[in-house]
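# A look at the structure
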Amino acid sequence: MEEQLEKELRFHLNEHADELIAHGSAPDVAQRNARLALGGPEQVKEKCRDARGTRWIEDFFQDFRHALRTLRQRPGFAVVAILTLALGSGATTVMFTVINGVLLKPLAYPEADRLVTLHGKTEKYGEQWGFSYPEFHDYQSASRTLGSVAAWTYGGGTVTKPGEAEYVFGRLISSGLFSVLGIPPVEGRAFLPQEDQLGAAPVAVISYSLWQHRFGGSKETIGQHLILEGKSYTVVGIAPAGFRVDGEADIYTPLGQSTDPRMQDRAAFFIHVLGRLQPNVTLAQAQTELSVIARRLAMQYPEDNQGRGMVAHPLSQEVVGDVRPTLLLLLGAVSLVLLIACVNVASLLLARAVSRERELAMRVALGAGRGRLVRQCLTESSVLGISGGALGIVLALVGIHPFVSLWPGTLPRAEDVQLDWRVLFFALSVSLLSSLLFGLAPALRAPARNLEHGLRGAGRSLGGSTRRLHSVFVMAEVALAVVLLVSAGILGRTMLRLSSLDPGFNTQNVLAAHVALSPAVLENPAKARAAWEDVLERARRLPGVQSVALADVVPMRVGEDSVGYWATPVPPAPDQIPLALISIVTPDYLNVMGIRLRQGRFLNEQDRIGHEIVVVIDDNLAQHAFAGSDPVGKSLWIQGMPSNPVRIVGMVGHVRHWGLAGDDQSRVRDQIYYSFHQLPDPLVHFLSSVMSITVRTSVTPLSVAEPLRRELRGPGGDQTLYDVQTMDDLARASIDRQRFLLWLFGIFAGLALLLACIGIYGVLTYLTNQRVPEIGLRMALGASARDVMQLVLGHGFGMILIGIAVGILGALAAGRLLEHLIDGTRATDPSTFAIMIPILLAAAFFASFIPARRASRIDPMSALRQE
Amino acid sequence: MVAPKTDLPQGTLDLLILKVVALSPVHGYAIAQRLEQVSRGVVQVPEGSLYPALHRLENRNLLAADWKETATGREAKFYRLTRKGQKQLETEAASWQRLIDAIALILGMANGGAR
């Protein structure tokens, strides 16, 4: 193309010259005049290329090569810029990868957007309710907007055959569950409706992993038998690998076969329900229908359903739970880091653009258009941006797994967190966008006017606009760093406050574990009671064990049992009944946990069946129900308990059941302790499958875990321990989220501080260098080294203080956000500002000190000679 | 005495080039000369903008080009009109004609009014 263009113009010039010669011109004059008439072959060529429109591609490669060349010339600059950007975009990419996997990707079910979960809702306690089993059937038969509905609840038990005795987690599911989710078993079949009924033959679907390790993945597994809780089940299906119903479980059995007494109870809301919307039905339509059914049920069963509504949410929301705000918060924080990185690179580039003013002016003089120069500068910044982005993707690849594994608890959908095209697209857009962001300001400075000034001045003196732009960059960096530092400070203080909170019991040296009794004794309450006595007795004899107790729920561990209560003979309206957490414990629980007794006595060994039923309450309940008067000796009515009222014999201090951070915000905080020995037989049967043992030790609690496991294997060798945890770990885990965020924000704030310091240092060094002649002149006129230092520091501090002022406003907003999103945070705490801002000032002072000192050592004579 | 030359109105260069090329395939220098002759030296065609215009028209597929030898034995790039170029020439010429008629009408009206 280029050659042809050249040839075409040469032909024109030759023809023209020939003609002029023919008219009598001398050959050299003719050549010259022909050129003049054409108007400069290079300009014409330039315009022809423009006219062809292929220009930008050629330009791009040219600019690209030029950019690589200039970057190679200044490797230090390139490395700092690329690393800065890589950190920023790497952190952002990690966050986006997680958000993509957890929040954006659809769940791995066919047409997952039509799956919904249903919850009961009351005005007083919100949406934390399940369904009762009869209620599930009511909705199943009444709903038209939901194509199919399925129910499940937690199950599990000891599997004794085939293989070793082992406790496995299970789910009791209605026959429609697999088809509602749209995921068929990989082998065999799901349950039939006729199997989902009392008295049907016991059948089970087992998990892929149980199939692999107990049946060796054999095809003949279907139709074989499995002993769960002493009962033989026929395996009819194998669930796909990774199949989850609120976490993975190993065994699925038909819910309808359950003999749990709660199955008939309209007030036992222990069933979880999910459904699939009919095609073309919106969530809002389903919601309306649910409300209609709820009102009808409230009229039909006023006792249990009064004031009870129903709400539907997308299943994805339920699966993801409450991580959305945390993730978005972190994305916000990393975006700030990225922004600081961009500003930093922008100020570096700007400094370079100013010192390259002469080069750019030269280009303009040689005929480069302004647009062309801007494009060249942007190409250069895109090269930086994309290299930084590519390195950032590598960092993200490395960083994503530590991030997911350090996530407090387990990150929902962690298996979906992977780098995919969406992430790559995001990373690429982020780096291109940021290169536009940091490249634009320097690029727009490309000279268009004052060419002569540019050529002569050679970037020695600075225009006011450049200096202002530099100051704005420093201010922006400082302001962003303040936001991150103060947020980290707020989280740090929150952690300090939370970890110094009194949990209400002594977390040290306590071990808690679920005990699955031998299935042989579970069916018979008397045998179960005896087995529990045996468990306590054996555990107590172990060396290192001080005291032992049973409890159905353990503070700060997942799981709770709440009941309605009232303190007057006439119960309040059903939706007004206050709730309390009830703990079914044995008398030594007070000693094991180290709970403080405030009044009266705790439960004791004399509180047994046949004696008066007694309870112990916590000071919260006493405050609510008895408004400060002595509760000991008063009566209490507990919903669903067979013998009401019961007598209060003591009051203990409140235990932070919901964790150190969460307890203050939780809705159900009143507590009741009820003796395991006073449970009626049906409840013994039911609770025996959920009881835990709690042990106070005189040695490291985990060291008694193995002896305990061995000692408690029971006469049949089929009694198992699971969920073995120390109370210290549970307490620590309850503020894991805050600790995790503190760490991340600490890292982000540290990065921000570092980048801001590099930025301040770079800008001041640069500005000072530009002012060397001026400073030399000042010194020649009698300014002392001190004066010069003051001049430079004063300039630096002006920018920094404005940045801090802006940053404080941002930090106040960020604090409000944190307070809103993270339990236990108190944002409006001036001391945080008082600690964090001096840190920033000190760092900023240090960063500006070096250039200031250098300026003060300028030799006036040589400085002036440079001019 | 040479008559003062008028600048070419915006957008007419393309039209003139198309018209010249429509007669027969022709190279750039000849186009410049032809334009100069045809407009009898009244219209100044800056030679510098001729070639960008040719390349623009070629790029828009209104012109096509082949390399051929000239009578003087030099190789030159000969432009010819494409079918699309032919259409473009017709519509543009027609619209110019309408414009010229309209302007003539307005100018004639002004004269008539004064009479």
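The residue numbers shown here count from 1 along each chain, following its written sequence. A letter from A marks each chain and a number from 1 marks each ligand, given out in the order of writing. Given that this is a predicted model, residues contribute local features only at a pLDDT of at least 70 and side-chain atom pairs are listed and counted only at 80 or more, while totals for whole chains, interfaces and linings are drawn from all residues. Side-chain numbers here rest on the full set of heavy atoms in the structure, without hydrogens or water.

## Things to note about the environment of Glu229(A)
Residue and element names in this part refer to chain A. Residue placement: Glu 229 occurs in the loop between strand 7 (225-228) and strand 8 (231-238). Burial status follows relative accessibility: with a 1.4 Å probe on protein chains alone, a residue under 20% of its type maximum counts as buried, one over 50% as exposed, and anything between as partly exposed. Overall, the relative accessible area of 24% leaves Glu 229 in the partly exposed class. Sequence separation of Glu 229 and Lys 161 is 68 residues, and the distance between their C-alpha atoms is 10.0 Å. Pairs of residues are marked as contacts when any of their non-hydrogen atoms sit within 4.5 Å. Residues within four places of Glu 229 in sequence aside, it is in contact with Gly 156, Gly 157, Thr 158, Pro 519 and Leu 522. Polar contacts here mean pairs of N or O atoms no more than 3.5 Å apart (in protein, one a potential hydrogen donor and the other a potential acceptor; neighbouring residues in sequence count only if both atoms are side-chain atoms). A polar side-chain atom of Glu 229 sits 2.6 Å from the main-chain amide nitrogen of Thr 158. Secondary structure elements follow DSSP: runs of H or I no shorter than four residues count as helices, runs of E no shorter than two count as strands, and numbering proceeds from the N terminus.

## Describing the packing of helix 6 (residues 133-142) of chain A against helix 9 (residues 283-300) of chain A
Residue and element names in this part refer to chain A. For helices, the fitted line uses only the C-alpha atoms of the stretch in contact; every axis is such a line through C-alpha atoms, and the angle between N-to-C directions lies from 0 to 180 degrees. One way to put it is that helix 6 packs onto helix 9 with a least axis distance of 11 Å and a crossing angle of 130°. With respect to helix 9, the axis of helix 6 lies oblique. Judged by the sense of rotation from one axis to the other, the crossing of helix 6 with helix 9 is right-handed. Across the interface between the two elements, Glu 135, Asp 138, Tyr 139 and Ala 142 of helix 6 pack against Glu 289, Leu 290, Ile 293, Ala 294, Arg 296 and Leu 297 of helix 9. Each angle gets one of four labels, with under 35 degrees taken as roughly parallel, over 145 as roughly antiparallel, 65 to 115 as roughly perpendicular, and the rest as oblique. Note: crossing handedness is left-handed where the near helix turns anticlockwise from the far helix by less than a right angle, and right-handed where it turns clockwise.

## As for the interface of chain B and chain A
At the junction of the two partners, chain B supplies 21 residues and chain A supplies 20 residues. Summed over both partners, the accessible area lost on bringing two parts together, with a 1.4 Å probe, is the buried area. When chain B packs against chain A, the two sides together hide about 2000 Å² of surface, and 54% of this comes from carbon and sulfur. On the chain B side of the interface with chain A, the three residues burying the most area are Tyr29(B), Tyr51(B) and Arg74(B), jointly 33% of the side's total. Across the pair Lys7(A) and Glu75(B) runs a salt bridge whose closest N-O atoms are separated by 3.0 Å. Inspection of the chain B/chain A interface yields 9 residue pairs in polar contact (both at pLDDT 80 or more). Contributing elements (two or more residues each) for the side of chain B that touches chain A: helix 2 (28-38), helix 3 (47-59) and strand 5 (75-81) of chain B. Considering each element in turn, the side of chain B that touches chain A owes the most residues, 8 residues, to helix 3 of chain B. Amino acids outside the nonpolar list (Ala, Val, Leu, Ile, Met, Phe, Trp, Tyr, Cys, Pro) and the charged list (Asp, Glu, Lys, Arg) are all regarded as polar, and Gly is one of them. Of the residues belonging to the side of chain B that touches chain A, the class tally is 7 nonpolar, 8 polar and 6 charged. One side-chain nitrogen of Lys or Arg within 4 Å of one carboxyl oxygen of Asp or Glu is enough to make a salt bridge.

## Some points on the sheet that holds strand 4 (residues 63-69) of chain B
Residues and elements named next belong to chain B. Here we have 3 strands laid out as an open sheet, ordered 2-5-4, and antiparallel in their pairing. Among the strands making up the open sheet, the edge pair consists of strand 2 (26-27) and strand 4. A pair of strands is treated as paired once DSSP finds two or more bridges between them. In terms of strand pairing, strand 4 meets strand 5 through 7 bridges, oriented antiparallel. Each bridged residue has a counterpart across the sheet, and for Glu 69 the counterpart in strand 5 is Glu 75.

## What to know about the packing of helix 26 (residues 736-770) of chain A against helix 27 (residues 772-780) of chain A
Residues and elements named next belong to chain A. Contact pair helix 26 / helix 27: the axes reach a minimum separation of 4 Å and the direction vectors enclose 65°. Every residue of helix 27 that contacts helix 26 at Thr 768, Asn 769 and Gln 770 is listed here: Val 772, Pro 773 and Ile 775. Residue composition of the contact of helix 26 with helix 27, by class: 3 nonpolar, 3 polar and no charged.

## A few points about a nonpolar patch on the surface
Each patch groups residues whose relative accessible area exceeds 30% and which form no salt bridge, using 9 Å between like charges and 5 Å between nonpolar side chains of Val, Leu, Ile, Met, Phe, Trp and Tyr. Computed with a 1.4 Å probe, the accessible areas rest on the Shrake-Rupley method; for each residue, only the protein chains presented here act as cover. There is a patch of nonpolar side chains on the surface, built from Val79(A), Leu83(A), Leu391(A), Val394(A), Leu397(A) and Val398(A) and spanning about 520 Å² of accessible area. Looking at the nonpolar patch, the elements with two or more residues in it are helix 5 (75-104) and helix 14 (370-406) of chain A.

## Considering unusual backbone geometry
All names here are of chain A. Within the chain, Glu 229 stands out as a residue other than glycine whose phi angle is a positive 50°. At Met 556, a residue that is not glycine, the phi angle is positive and equals roughly 70°. The class of Met 556 is buried, set by a relative accessible area of 11%.

## So, the packing of aromatic side chains
Working definition: an aromatic ring pair is given by the centre-to-centre distance plus the angle between the planes. Pairing of aromatic rings covers Phe, Tyr and the six-membered ring of Trp, with a centre-to-centre limit of 6.5 Å; geometry is then stacked below 30 degrees between planes, edge-to-face above 60, and tilted otherwise. Within the structure shown, the criterion is met by 20 aromatic pairs over all chains. Judged by centre distance (6.1 Å) and plane angle (70°), the rings of Phe178(A) and Tyr252(A) are edge-to-face. Remark: Tyr252(A) occurs in strand 9 (residues 251-254) and Phe178(A) occurs in helix 7 (residues 177-181); sequence separation between them is 74 residues. For the pair shown, Phe178(A) and Tyr252(A) are each scored as buried. Through successive ring pairs, a cluster of aromatic residues spans Tyr167(A), Phe169(A) and Tyr722(A). Against the face of Tyr301(A) rests Arg266(A), its NZ or CZ located 3.5 Å from the ring centre. Note on criteria: charge over ring means Lys NZ or Arg CZ within 6 Å of the ring centre, with the direction from the centre no more than 35 degrees off the ring normal. We note Lys68(B) situated over the ring of Phe78(B); from NZ or CZ to the ring centre the distance is 5.4 Å.

## Some words on the side chain of Asn100(A)
Residues and elements named next belong to chain A. Along the chain, the position of Asn 100 falls in helix 5. In this structure the side chain of Asn 100 is engaged in a polar contact, spanning 3.1 Å, whose partner is the side chain of Asp 420. Contacts of Asn 100, omitting those with residues within four sequence positions, involve Lys 105, Gln 418, Asp 420, Arg 422 and Val 423.

## A look at the side chain of Thr145(A)
All names here are of chain A. Position of Thr 145 among the secondary structure elements: in the loop between helix 6 and strand 3 (146-161). For Thr 145, a relative accessible area of 12% puts it in the buried group. Looking at Thr 145, its side chain comes within polar contact range of the side chain of Glu 289, at 2.6 Å. Non-local contacts of Thr 145, meaning those with residues more than four positions away in its chain, are made with Arg 276, Leu 277, Gln 278, Val 281, Gln 285, Ala 286 and Glu 289.

## Quick look at helix 3 (residues 41-52) of chain A
Residue and element names in this part refer to chain A. In this analysis, the expected span of each helix is defined as 1.5 Å times one less than the number of residues it contains. With 12 residues, helix 3 extends 16 Å between its outermost C-alpha atoms, agreeing within 8% with the 16 Å of an ideal straight helix rising 1.5 Å per residue. Buried residues of helix 3: Pro 41, Val 44, Lys 45, Cys 48, Arg 49, Ala 51 and Arg 52, and no others. The arc that holds every buried residue of helix 3, seen down its axis, measures 160°, which confines them to one face. Arc, as used here, means the arc of the directions from the helix axis to the C-beta atoms.

## Some thoughts on the pairing of strand 6 (residues 203-206) of chain A
All names here are of chain A. A two-sided burial pattern is seen for strand 6, the buried positions comprising Val 203 and Val 205 on one face and Ala 204 and Ile 206 on the other. In this structure, strand 6 lies alongside strand 8, joined through 4 bridges in parallel fashion. In the strand pairing of strand 8, Val 205 is matched with Gly 237. Bridge count for strand 6 against strand 9 is 2 bridges, and the pairing is antiparallel. Bridge pairing in strand 9 places Val 205 opposite Tyr 252.

## Describing the nonpolar core
Residue and element names in this part refer to chain A. In terms of nonpolar packing, the biggest core is built from 66 residues, with Val 102, Leu 327, Leu 330, Phe 403 and Phe 745 touching the most fellow members. Contributions of two or more residues to this core are made by helix 5, helix 12 (323-355), helix 14, helix 17 (464-499), helix 26, helix 28 (785-821) and helix 29 (830-856). With 17 residues, helix 26 is the single largest residue contributor to this core. In this view, Val 102 contacts Val 320, Val 323, Leu 327, Leu 411, Pro 412, Arg 413 and Val 417; residues no more than four positions away in its chain are not counted. Here the nonpolar core consists of buried residues drawn from Ala, Val, Leu, Ile, Met, Phe, Trp, Tyr and Cys, with membership extended through side-chain atoms lying within 4.5 Å. Among the nonpolar cores identified, the runner-up in size contains 47 residues, and Leu 511, Ala 513, Ile 584 and Val 615 belong to it.

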